[in-house]
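For reference, the chains in residue letters:
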Amino acid sequence: MYDVIIIGGGIIGCAIAYYLSFYNLKVVLLEKENDVSCGTTKANSAIIHAGYDPKPNTLMAKHNVLGSKLTKELCEKLDIPYKQCGALVVGFTEDDLNTINQLYQRGLDNGVEGLEVLSREEVLKLEPNLSDEVKGALWAKTSAIVSPWEYALALAEVAVKNGVELKLNSEVKSIKKDEFFTVETTSEKYNGKYIINAAGVHSDDIHELIGKKEFTIKPSRGEYYLLDKSEGSRCSRTIFQCPNENGKGVLVSPTVHGNLIVGPNAESSEKDDVSTVASSLDFVKNNALRSIPSIDFRENIRNFSGVRARSDRNDFIVEESKSVENFFNLAGIQSPGLSAAPSLALEAVNWLKGKEELVKKENAVDERKRLKLKDLSDENKNELIQKNPAYGKIVCRCESITEGEILQCFDTVIPPVSIDGVKRRCNTGMGRCQGGFCGERITNILIDKLGIKPQEVLQDKEGSNIINSLAKEEH
Ligand SMILES: Cc1cc2nc3c(=O)[nH]c(=O)nc-3n(C[C@H](O)[C@H](O)[C@H](O)COP(=O)(O)OP(=O)(O)OC[C@H]3O[C@@H](n4cnc5c(N)ncnc54)[C@H](O)[C@@H]3O)c2cc1C
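Note that the structure is predicted; figures quoted are calculated from it, not measured. (Residues numbered from 1 in each chain as written. Predicted model: local features only at pLDDT ≥ 70, side-chain atom pairs only at ≥ 80, totals over all residues. Heavy atoms only, no water.)

1. Looking at the domain arrangement of the protein
Here is step 1: According to the domain assignment, the protein contains domain 1 (2-40 + 149-217 + 312-355), domain 2 (87-141 + 218-308) and domain 3 (373-456).
Here is step 2: On a C-alpha basis, the centres of domain 1 and domain 3 stand 31 Å from each other.
Here is step 3: Of the residues lining the interface, 12 residues belong to domain 1; the matching set on domain 3 comes to 8 residues.
Here is step 4: Summing the contributions of domain 1 and of domain 3, the shared interface buries around 950 Å²; its carbon and sulfur component is 65%. (Domains from an automatic or database assignment. Contact = heavy atoms within 4.5 Å. Buried area = accessible area lost by both parts, 1.4 Å probe.)

2. Some words on the pattern of salt bridges
Here is step 1: Overall, the coordinates contain 37 salt bridges when judged by the stated rule.
Here is step 2: A salt bridge links Asp205 to Lys271; the nearest nitrogen and oxygen atoms lie 3.0 Å apart. In this pair, Asp205 sits in helix H6 (residues 203-208) while Lys271 sits in the loop between strand E17 (267-268) and helix H7 (278-291), placing the two residues 66 residues apart along the sequence.
Here is step 3: Notably, a salt bridge pairs Asp460 with Arg424, separated by 3.5 Å at the nearest N-O pair. Of this pair, Asp460 sits in the segment after helix H12 (439-450) while Arg424 is found in helix H11 (residues 419-426), placing the two residues 36 residues apart along the sequence. Across the pair, Arg424 and Asp460 agree in class, each one buried.
Here is step 4: Ionic contacts of the salt-bridge type, sharing partners, join the residues Asp35, Lys42, Arg424, Arg425 and Asp460 into one network. (Salt bridge = Lys/Arg side-chain N within 4 Å of Asp/Glu carboxyl O. Helix = DSSP H or I, 4+ residues; strand = E, 2+ residues; numbered from the N terminus. Buried < 20%, exposed > 50% of the residue type's maximum accessible area, 1.4 Å probe, protein only.)

3. Here we look at the environment of Val201
Here is step 1: Relative to the assigned elements, Val201 resides in the loop between strand E12 (189-197) and H6.
Here is step 2: Take Val201: its relative accessible area is 7%, and that puts it in the buried class.
Here is step 3: Sequence separation between Val201 and Arg308 is 107 residues; the distance between their C-alpha atoms is 7.1 Å.
Here is step 4: For Val201, the contacting residues outside a window of four places in its chain are Ile217, Lys271, Asp272, Val307, Arg308 and Ala309.

4. Observations regarding the site of the ligand
Here is step 1: The environment of the ligand is formed by 38 residues, the closest being Glu31, Thr41, Ile47, Ile333 and Ser339.
Here is step 2: Between the ligand and Gly337, the relevant distance is 3.5 Å, taken from an oxygen atom to a main-chain nitrogen or oxygen of the residue.
Here is step 3: Between Leu338 and the ligand, the recorded distance is 3.1 Å, taken from a backbone N or O atom to an oxygen atom.
Here is step 4: Out of a free accessible area of 1,000 Å², the ligand has 97% covered by protein chains. (Near = heavy atom within 4 Å. Polar contact = N/O pair within 3.5 Å; in protein donor to acceptor, adjacent residues only side chain to side chain. Areas by Shrake-Rupley, 256 points an atom, 1.4 Å probe, with all protein chains shown as cover.)

Below is the structure:
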């Protein structure tokens, strides 16, 4: 019997698990994939938005502004890659300059600090690679970039250390309610007093397993280019164009890993359709070149897409279900959901506090560290290599990741089960060769650490086995 069943291990579900883990509650987090952060949380622009974009008095505005401050604190505390690089919204026309002034005013209304409207000369001084066509910009100094999957993973790791049970490969299939809820997954049944629905694009399906239709998710796919580090310094800040009815438009931004990200478009899609389409990518490319004409797209190392959980309410849905008591929806969490996550999660905790008295746990941990050899001084590197020679063996050449760093991620409370799981934990395969060189070595490490056969090694999700059969069967 659980106090709380959280459905969905994206940034929202992981943030709820994190905050609930500080209370004397029995909590289970159910995730259908084999890792946390395998949905929209791993495929987005990775911007912690300042908060000038959402309309004042919306839930988006409230949780964006508060969430971005909390994110900064969490990232510092939990050793999550984060950089407050700032953002510019650039304008090319007189209309755009009007929009920029409106965004500035909206930002002030939303309580955003550090906003400034810049002239053409001022903005070109900050970002010399911007197009000569730029006429002015809004500068949002509190905007930041983050590693979204490491963010979700860090929150989940602390939650698990504090006693939250994480059940991966557990797709919720049915929900029933008598006195309490019974949630049936592909692997087990769970009984619980409260359900928190954080199932992203599937949050309407989850709610309708037990409740009446109260909202509909209208998925919208956004596609990206990820360029090599050679392009990573085309700009030092996130460059937006003026927003339109389709959202914040195409951005160009450095990433916390040193690459350049370009995208997204907005296209109605199926919920789990993360394909990329040549015409959409052309749209993205052409729009980005309008902001920074010198981007060299030959340096592209990967295309990917993510699906927004837009809802028919056009705002975040943060409320107890009207048709099912003790069932809380965190739904329609489209952008700026990553930025708003901690604030949204605290809203769920406050809802629970309205239901019963929550007692703080004694001795809960609230820290997490990941050793990154690259960041150590030569002296400290040598010391570590003396103690453990695995830290002296480079496995991923592009990112300079050592065997020691890969092995240590198997000793954490949420170890990886796939090549991409290793990538999300220690950045292997994120460089120019995209795992072409280190993939085989990581495959061997997975075989060894998980005690599996080569045919069982997954690239990412269940079913993504990289080897069909062996040319020569073992006897
Ligand atoms: C193109 C794009 C760009 C974006 N850019 C930004 C940005 O720069 N900044 C920003 O703040 N926000 C951005 N966002 C929004 C942000 O990514 C999302 O708001 C956030 O990731 C949503 O997190 P989530 O936990 O609600 O959803 P998800 O990460 O999708 O998590 C939901 C989880 O539920 C699981 N699940 C679903 N069904 C079931 C089931 N039946 N049983 C068990 N588990 C289930 C899924 O597997 C998934 O892991 C962007 C989104 C997109 C698509």
